[in-house]
Amino acid sequence: MSVRRRRPLFVSAVLVVGAGLALTACGPENTDAPAGSASSAPTKAAAGAPSAGAPAPGAPASAGSAAPTAAHTPAGASPSSGGGTGGGSAAAQPCDIQSLSINASARAGAANQWVIEVRNTGAKACSLSSSPGVDLGDSAARDQSKNLKPVLASGTERFPVPAGRSAYAVIDLDPSGATTGTAPGINEINVLVDGEGTNMPLANTRNFPLPAGAHVLNPKMGNYRGSVADAVASMTAAPK
């Protein structure tokens, strides 16, 4: 009886020991890593991965990307700074008297107003002073120092004239329309097309006869403009 009781106990002990060995053999596959190793692995992976919402390296930007793009400037062009009139090249090159055709004549429908037209007959654009140099006097007088000069409209910028185009200035000999008290003996209008005189000496002055009986009183003149109508508007703005 005692032998039968001990045999099962021996078998159970063998089974228990065998099970323990089996568990020990399988243990490394299921053993968790130490706490320090488990926390460091995700941190290293996160450091090399792109942040949430940012495109992966080499991937095209999404349609909603706000990344700025560099402005493209054509070769040889400079950024715009804003305007001036007519461009720098024309303003930098004063007109040569040899490349100009000059005329002065009464304006149709306004006998007291005269139109001065300066046409650029050269191959390149050039520039004139803001208004021509004009005076009115007696062609027979030896002393021209007392000639009358018109009151000018405000303006100092040089006026560019493209090749083949004209600049116009209008002078009103008698803005008041008076027929009495006018200046006696005035029979000539003298025009120096670049009134600054820096590149045109007085010898380049052109003389145009006025009709007999022309009335001259407090004349005024506007700046150069690209059309007769605009030149009239500039003259009208000149002070009295």
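Residues numbered from 1 in each chain as written. Predicted model: local features only at pLDDT ≥ 70, side-chain atom pairs only at ≥ 80, totals over all residues. Heavy atoms only, no water.

Next up on the list: the overall build of the chain. The helix and strand inventory of the chain stands at four helices and 10 strands. Going from the N terminus to the C terminus, the chain shows its helices and strands as α-α-α-β-β-β-β-β-β-β-β-β-β-α. Relative to its full complement of 240 residues, the chain shows a buried share of 28%. Residue pairs in contact within the chain that sit at least 24 positions apart in sequence constitute 73% of those at least 6 positions apart. (Helix = DSSP H or I, 4+ residues; strand = E, 2+ residues; numbered from the N terminus. Buried < 20%, exposed > 50% of the residue type's maximum accessible area, 1.4 Å probe, protein only. Contact = heavy atoms within 4.5 Å.)

Once that is clear, we can look at the sheet that holds strand β8 (residues 188–192). Ordered in space as β4-β8-β9, the three strands form an open sheet in which the pairing is antiparallel. Either end of the sheet is taken by a strand with one partner, and the two such strands are β4 (133–137) and β9 (206–209). For this sheet, the mean inter-axis angle between neighbouring strands, taken without regard to orientation, is 20°. Relative to β8, β4 is paired through five bridges, and the arrangement is antiparallel. Looking at the pairing, Leu-136 lines up with Ile-189 of β8. (Pairing = 2+ DSSP bridges. Axes fitted to C-alpha atoms, helices over the stretch in contact; angles between N-to-C directions.)

The subject of this paragraph is the pattern of salt bridges. Scanning the entire structure with this criterion turns up two salt bridges. Salt-bridge contacts for Arg-158 lead to Asp-194; the nearest nitrogen and oxygen are separated by 2.7 Å. Of this pair, Arg-158 sits in the loop between β5 (151–152) and β6 (159–161) while Asp-194 sits in the loop between β8 and β9, and the two are 36 residues apart along the sequence. With a relative accessible area of 18%, Arg-158 lands in the buried category. A relative accessible area of 0% places Asp-194 in the buried class. Residues Arg-158 and Glu-196 are paired through a salt bridge, measuring 2.7 Å at the closest nitrogen-oxygen approach. In this pair, Arg-158 is assigned in the loop between β5 and β6 and Glu-196 in the loop between β8 and β9, connecting sequence segments 38 residues apart. Looking at Glu-196, the relative accessible area reads 40%, which means it is partly exposed. Through salt bridges with shared partners, one network takes in Arg-158, Asp-194 and Glu-196. (Salt bridge = Lys/Arg side-chain N within 4 Å of Asp/Glu carboxyl O.)

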